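The chain contents come next:
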Amino acid sequence: MLRRLIFLLACLALQAATTAQAAPDAALVRQLADDDNSRKVEAIRQLTQTADPDSARILKAMADDSLYLAGDKVLIIDGDQGFDAATGQPVKAPESPDSLTINNRIRGELANALAALKLFDPDRSVRLESATKLQSKVDPEMAPLLARALDKEGDAEIKAMLTLAHAQASLGSPDPLVRLAAVKALSETTSPTVRSLLLPLTQKDTEADDRVRYKAIAAVKHMEQRLGFAELLGRIFSGLSLGSILLLAALGLAITYGVMGVINMAHGELLMIGAYSAYAMQSLFRAYFPDAIDWYLPAAIPLAFFGAALVGVVVAAWLGSSVVLAQGPYGERGGSGLRPSFLPPDRPGGEMSSLMPDFPRRPDADEARNPRRLSPEELAAERGEEQETEDD
């Protein structure tokens, strides 16, 4: 019986010690409310290194503007409820607590800290999102935390991303061997951000170790070669894309002029209609189908083609009827409708006049054009003689 009692007391003591060890330091939590932003940043980084759920809870409340100062205690206030930030125990919410001043620098530190703490989340999607965010900006102070997350991570994709993040953080290590290993790990990437991080290491005034500097120079050259090749492919694709648009416009002009004998410059407007149709489809997907935003392009391509074609048909029908009504009463015989009065019958499009009805003509218009009442054959012969005279 005595042995059981001793064992129970030992378990309770161990649990109390574990709880006391896991609780965040009250002085460190109080430092979050310091007027000096540098001390706030120091406290955020120290809490981040603990990788503790309570630390994540405190930093999350600070990022959400739910952390307040009441006397000498830092409280988390959620509505009408208040909690001690250090212990998590519920307390009475004060009537007028002081809010913490958080600028952009502090918010950036909080964002990085919360992203790093999510690396220990049991959900793979949360860890993957956190590792992705850390690819853009990693502080050297996060290297120990990233090393622990790297040791615990079992997913291959996340582990590879954490390796690169840890290498970026290790570039500021005072140990040359650690920096050399980090440069070797980063030399296989093609990220412009990583290249900008390695550039200072290529200078002798910023990197004293020759091995690290030579490795950084080789890594930067290798990155520039791969980035240059990718940029060349992008230029080729952009050139082909722009060339295809110009080719379509040129083909449209050639076909229109070959059929009608008239230059039609409406292709730009039709291309803009297609572009606006694609933009409207993108806006529709962003508003109502945000999860499927990557599929807006396959849906926008047919809409752009059919939208431009529909507008073209409507405009052609409207303009065609306007031309028929406007030129019919005033055009030459057989020259009304789709063939303008100035288009000779032997030109492409002139044969279409035979398909158009013969509209009545104004007598004064006939008198002005043919005062001598010559037949069409006589008019054609006279015009041929005038052309020969002008040629001579």
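Here the structure is a predicted model, which is why all the values come from computation and not from measurement.

Visitor: I'd like a description of the nonpolar core, backed by residues and values.
Guide: By size, the foremost hydrophobic cluster in this structure holds 25 residues, and its most contacted members are Leu32, Ile44, Leu59, Met62 and Leu67. Elements supplying a minimum of two residues to this core: helix 2 (26-31), helix 3 (37-50), helix 4 (53-63), strand 1 (67-70), strand 2 (73-78) and helix 5 (104-117). Other than its neighbours up to four places away in sequence, leucine 32 contacts Lys40, Ala43, Ile44, Leu47, Ile58, Met62, Leu67 and Leu100. Core analysis: the next-biggest nonpolar cluster, separate from the first, contains 17 residues, Ala115, Leu119, Ala131 and Ala149 among them.

Visitor: Describe in detail the packing of aromatic side chains, supporting the description with residues and values.
Guide: We describe a pair of aromatic rings using the distance from one ring centre to the other and the angle between the two ring planes. If you walk through the whole model with that rule in mind, you get one aromatic pair. Measuring from centroid to centroid gives 5.6 Å for phenylalanine 285 and phenylalanine 289, while their planes differ by 55 degrees, and the two rings are tilted. The class of phenylalanine 285 is buried, set by a relative accessible area of 13%. The side chain of arginine 213 reaches across the aromatic face of tyrosine 214, ending 5.3 Å from its centre.

Visitor: Any chance you could break down a nonpolar patch on the surface for me, citing the residues and the numbers?
Guide: A surface patch of nonpolar side chains, about 630 Å² in accessible area, is lined by Leu247, Leu248, Leu251, Ile255, Val259, Met260 and Val262. One can find leucine 247 in helix 11 (residues 210-260).

Visitor: So what's going on with the pattern of salt bridges? Residues and values would help.
Guide: This model, assessed by the stated rule, comprises 13 salt bridges. Between arginine 57 and aspartate 54 there is a salt bridge, with the nearest N and O atoms lying 3.6 Å from each other. Here the residue arginine 57 and the residue aspartate 54 both occupy positions in helix 4, the gap between them amounting to three residues, near one helical turn. Aspartate 54 sits in the partly exposed class, given a relative accessible area of 28%. Aspartate 209 is the partner of arginine 211 in a salt bridge, and the nearest nitrogen-oxygen pair spans 3.6 Å. Residue aspartate 209 is classed as buried on the basis of its relative accessible area of 16%. If you follow the salt bridges from partner to partner, you end up with Arg124, Asp155 and Glu157 in one network.

Visitor: Let's hear about the sheet that holds strand 4 (residues 90-91): which residues, and what values?
Guide: Spatial strand order, 4-3-2-1-5: five strands in an open sheet with antiparallel pairing. Each edge of the open sheet is held by one strand with a lone partner, namely strand 4 and strand 5 (98-99). Where strand 3 (residues 81-84) lies against strand 4, two bridges are found, and the strand directions are antiparallel. Paired with phenylalanine 83 across the bridge in strand 4 is proline 90.

Visitor: Quick rundown of unusual backbone geometry? Include the residues and the values.
Guide: For aspartate 65, which is not glycine, the phi dihedral falls at a positive 60 degrees. Secondary-structure assignment places aspartate 65 in the loop between helix 4 and strand 1. Given the relative accessible area of 40%, aspartate 65 is considered partly exposed.

Visitor: Now, about helix 9 (residues 176-186): what can you tell me, with residues and values included?
Guide: Turning to helix 9, its buried residues are Arg179, Leu180, Ala182, Val183 and Leu186. Take helix 9 and look down its axis: the buried residues cluster within an arc of 160 degrees, on one side only. Taken together, the buried residues of helix 9 touch helix 8 (156-170), helix 10 (192-198) and helix 11. Capping the start of helix 9 is the job of one residue whose side-chain oxygen sits 3.2 Å from the backbone nitrogen of leucine 177: aspartate 175.

Visitor: Which residues make up the packing of helix 3 against helix 7 (residues 143-152), and what values do they have?
Guide: Remark: helix 3 packs on helix 7, axes separated minimally by 9 Å, with the N-to-C direction vectors making an angle of 20 degrees. On the basis of their axis angle, the class for helix 3 and helix 7 is roughly parallel. For the element pair helix 3 and helix 7, the recorded crossing hand is left-handed. Note on element contacts: helix 7 touches helix 3 through Pro144, Leu145 and Arg148, opposite Thr48, Gln49 and Thr50. Residue classes in the contact of helix 3 with helix 7 are distributed as two nonpolar, three polar and one charged.

Visitor: Residues and numbers for the pairing of strand 1, please.
Guide: Alternating residues of strand 1 divide into Leu67 and Leu69, all buried, and Tyr68 and Ala70, none buried. Bridge analysis of strand 1 against strand 2 gives four bridges, and the strand direction is antiparallel. Paired with alanine 70 across the strands is lysine 73, a residue of strand 2. Between the end of strand 1 and the start of strand 2, which pair antiparallel, lie two residues, with glycine 71 showing a positive phi angle near 75 degrees. Bridge count for strand 1 against strand 5 is two bridges, and the pairing is antiparallel.

Analysis parameters
Residues numbered from 1 in each chain as written. Predicted model: local features only at pLDDT ≥ 70, side-chain atom pairs only at ≥ 80, totals over all residues. Heavy atoms only, no water. Core = buried A, V, L, I, M, F, W, Y, C linked by side-chain atoms within 4.5 Å. Buried < 20%, exposed > 50% of the residue type's maximum accessible area, 1.4 Å probe, protein only. Helix = DSSP H or I, 4+ residues; strand = E, 2+ residues; numbered from the N terminus. Contact = heavy atoms within 4.5 Å. Phe/Tyr/Trp six-rings, centres within 6.5 Å; stacked < 30°, edge-to-face > 60°. Lys NZ or Arg CZ within 6 Å of the ring centre and 35° of its normal. Patch = residues over 30% accessible without salt bridge, like charges linked within 9 Å, V, L, I, M, F, W, Y side chains within 5 Å. Areas by Shrake-Rupley, 256 points an atom, 1.4 Å probe, with all protein chains shown as cover. Salt bridge = Lys/Arg side-chain N within 4 Å of Asp/Glu carboxyl O. Pairing = 2+ DSSP bridges. Arc of directions from axis to C-beta. Polar contact = N/O pair within 3.5 Å; in protein donor to acceptor, adjacent residues only side chain to side chain. Axes fitted to C-alpha atoms, helices over the stretch in contact; angles between N-to-C directions. Parallel < 35°, antiparallel > 145°, perpendicular 65-115°, else oblique. Left-handed = near helix turned anticlockwise from the far one by under 90°. Nonpolar A, V, L, I, M, F, W, Y, C, P; charged D, E, K, R; others polar.

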